[in-house]
Amino acid sequence: MPVSAWLFRIASNALADHWRERARHADDAPPDAPDSRELKEIEQRIALYRHVEQLPDVQQQVIRMRFIDEKSIREVAAALGRSEGAVKQLQLRALENLRKSMGGNG
């Protein structure tokens, strides 16, 4: 599955979760259009997905497996044929690269 496909699936699921949670806490049905805060969240997710797509392939795989597929370090290591320490390093580097590319300080 291409990276962009699973990233947009995440955004879709996040919106669905948001509306379900909002419906639980409100008596009226959710509005048809998202408000400005929700639009900003969507834009931020899309920006994150674009930054993830710029990572080296193996770092993308680690991010996807750890945070999308919710696999353990051990499971990712087995799937990639690498040691657990190597996967931890790949994850750390991927997160550092994302932080830098998105202009974060820490």
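Residues numbered from 1 in each chain as written. Predicted model: local features only at pLDDT ≥ 70, side-chain atom pairs only at ≥ 80, totals over all residues. Heavy atoms only, no water.

### Concerning the confidence of the model for the protein
Then comes step 1: Looking at the protein as a whole, the pLDDT averages 82, with 80% of positions reaching at least 70.
Then comes step 2: At the level of individual helices and strands, the protein shows its lowest average pLDDT in helix α1 (residues 3-24), which scores 70, and its highest in helix α4 (residues 73-80), which scores 97. (pLDDT = per-residue confidence, 0-100. Helix = DSSP H or I, 4+ residues; strand = E, 2+ residues; numbered from the N terminus.)

### A look at unusual backbone geometry
Then comes step 1: A positive phi angle, near 55°, is found at Glu70, a position not held by glycine.
Then comes step 2: Assignment of secondary structure puts Glu70 in the loop between α3 (57-68) and α4.
Then comes step 3: Exposure remark for Glu70: the relative accessible area of 67% places this residue in the exposed category. (Buried < 20%, exposed > 50% of the residue type's maximum accessible area, 1.4 Å probe, protein only.)

### Some remarks on the nonpolar core
Then comes step 1: Within the largest apolar cluster, seven residues are counted, these being Val62, Met65, Ile73, Val76, Ala77, Val87 and Leu90.
Then comes step 2: Going through the elements one at a time, α3, α4 and α5 (84-101) are the ones with two or more residues in this core.
Then comes step 3: If you tally residues by element for this core, the top one is α4, at three residues.
Then comes step 4: Setting aside its immediate chain neighbours within four residues, Val62 contacts Val76, Leu80, Val87, Leu90 and Gln91.
Then comes step 5: Ranked by size, the runner-up nonpolar core spans five residues in total, among them Val52, Leu55, Ile63 and Ala94. (Core = buried A, V, L, I, M, F, W, Y, C linked by side-chain atoms within 4.5 Å. Contact = heavy atoms within 4.5 Å.)

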